[in-house]
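# Structural overview for review
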Amino acid sequence: MKAGRITVSTRKFSVTDIPIPQPDSGEVRIKVGAAGVCLSDVHFLDGTLSPGYLKGDEVTLGHEVAGTIDELGQGVHTYVKGDRVLVIAGERNEKNQITTLGFDYDGGYAEYVVTKAALLVKIPDNLPFEEAAIIPDAVSTPWAAISSTAKMQKGESAAVFGVGGLGIHAVQLLKLIGASKVIAIDPRPEARHKALEIGADFAFDPADEELKKHRGLNAAFDFAGVTPVRKQALSLLGEQGRLVIVGIANEPITIPNDMAFTYMRTQILGHYGSEPVHTKELVEFIKHGKLNLSKSVSEVMPLDQAAQALEKLEKKIGNPIRIVLKP
């Protein structure tokens, strides 16, 4: 089968032929219907991110996957061939370490992927694979940041810095839970327009002086992964405001003024990924018509063009929310 693989030691990526994997006991094989292309994949290629527990020097990328079960391993009785599913992007091992699909073991840039049956979530028949695939990260990561890390409540206000693949869903999810005010902040006009279209109350360029009028927010989310964002975000927070850092800058976090920080009882919280419960909650939202991802897929490209898809995302060609690969 074809698979998009990276050699970790050289950071070289190519679509190549490898044997079709076979499911072991407790596992299933999925015929991939769609696989999302994430900025984390780009950071894997450029060396910002590395696998933590990979055995060997090569791995198939892709931690956002949906498709159809085509083979059951021994002992799997909760699913049948033909079930439509998405794959939860990672799990905690016996040492409570997070292992991630497409980083620590082979992912979904492929015609087939093998995973544990315990990491599957059934999806409704009317949910396209292209939309289902992006739920396990592009949607579940901001949902976990909002609901679990920031513990956002109905009526609270928030700023979202960086309205890309994750930030745009944060805007949508904040409105879903009843946030009183959602401000989207991004230097790209097309991203700000998209944020307003998806439900943001305001959208600003980070250099816009009008942004200062919105100080006193309950929370700010950094999905941009840009160091200056953190300073600006802290300045917008009110008493006991929470800054949640999701985007990766790989640089020190600086508190500009410790007196203001302590006086206002500001909190800085790191956030990574999500737990299985968050993915399951999102599927339920979709089943009940509370969440619509039809505008989230910017482009569908064939697996053979995975390298071009990664380049488009890295350079933000066409202002992509999510590019999706189809084998």
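Check the entry above for the structure.
As the structure is a prediction and not an experimental result, all values here were calculated from the model.

## Remarks on the sheet that holds strand E2 (residues 12–17)
- In spatial order, the strands read E2-E1-E4; together these three strands make up an open sheet with antiparallel pairing. Both outer strands of the open sheet, E2 and strand E4 (58–60), are each paired with one neighbouring strand and no more. Ignoring strand direction, the axes of neighbouring strands in this sheet form an average angle of 35°.
- Sheet topology note: the strand E1 (residues 2–7)/E4 ladder contains three bridges and is antiparallel. Counterpart to Arg 5 in the pairing with E4 is Thr 60.

## Regarding helix H1 (residues 39–46)
- Considered for burial, the residues of H1 that qualify are Asp 41, Val 42, His 43 and Phe 44.
- Looking at the buried positions of H1, the neighbouring elements they touch are E1, strand E3 (27–37), E4 and helix H8 (306–314).
- Positive phi shows up at Gly 47, right after H1, with a value of about 95°.

## Structural notes on the pattern of salt bridges
- With the rule as written, the count across this model stands at 23 salt bridges.
- As a salt-bridge pair, Arg 192 and Asp 205 come within 3.6 Å of each other at their nearest N and O atoms. One end of the pair, Arg 192, is in helix H4 (residues 189–198); the other, Asp 205, is in the loop between strand E13 (202–204) and strand E14 (217–222), with 13 residues separating them in the sequence.
- The class for Asp 205 is partly exposed, based on a relative accessible area of 24%.
- Measuring nitrogen to oxygen at the nearest pair gives 2.9 Å for the salt bridge that ties Glu 299 to Lys 312. One end of the pair, Glu 299, is in strand E17 (residues 297–302); the other, Lys 312, is in helix H8, with 13 residues separating them in the sequence.
- Glu 299 sits in the partly exposed class, given a relative accessible area of 29%.
- Given the relative accessible area of 23%, Lys 312 is considered partly exposed.
- Linked through salt bridges whose partners overlap, the residues forming this network are Arg 29, Asp 70, Glu 71 and Lys 81.

## Re the environment of Gln 74
- Considering the arrangement of structural elements, one finds Gln 74 in the loop between strand E5 (65–72) and strand E6 (84–87).
- Distance in space between the C-alpha atoms of Gln 74 and Asp 24 is 6.8 Å, their sequence separation being 50 residues.
- Dropping the residues within four chain positions of it, Gln 74 is found in contact with Asp 24, Ser 25 and Gly 26.

The rules we used
- Residues numbered from 1 in each chain as written.
- Predicted model: local features only at pLDDT ≥ 70, side-chain atom pairs only at ≥ 80, totals over all residues.
- Heavy atoms only, no water.
- Pairing = 2+ DSSP bridges.
- Helix = DSSP H or I, 4+ residues; strand = E, 2+ residues; numbered from the N terminus.
- Axes fitted to C-alpha atoms, helices over the stretch in contact; angles between N-to-C directions.
- Buried < 20%, exposed > 50% of the residue type's maximum accessible area, 1.4 Å probe, protein only.
- Contact = heavy atoms within 4.5 Å.
- Salt bridge = Lys/Arg side-chain N within 4 Å of Asp/Glu carboxyl O.

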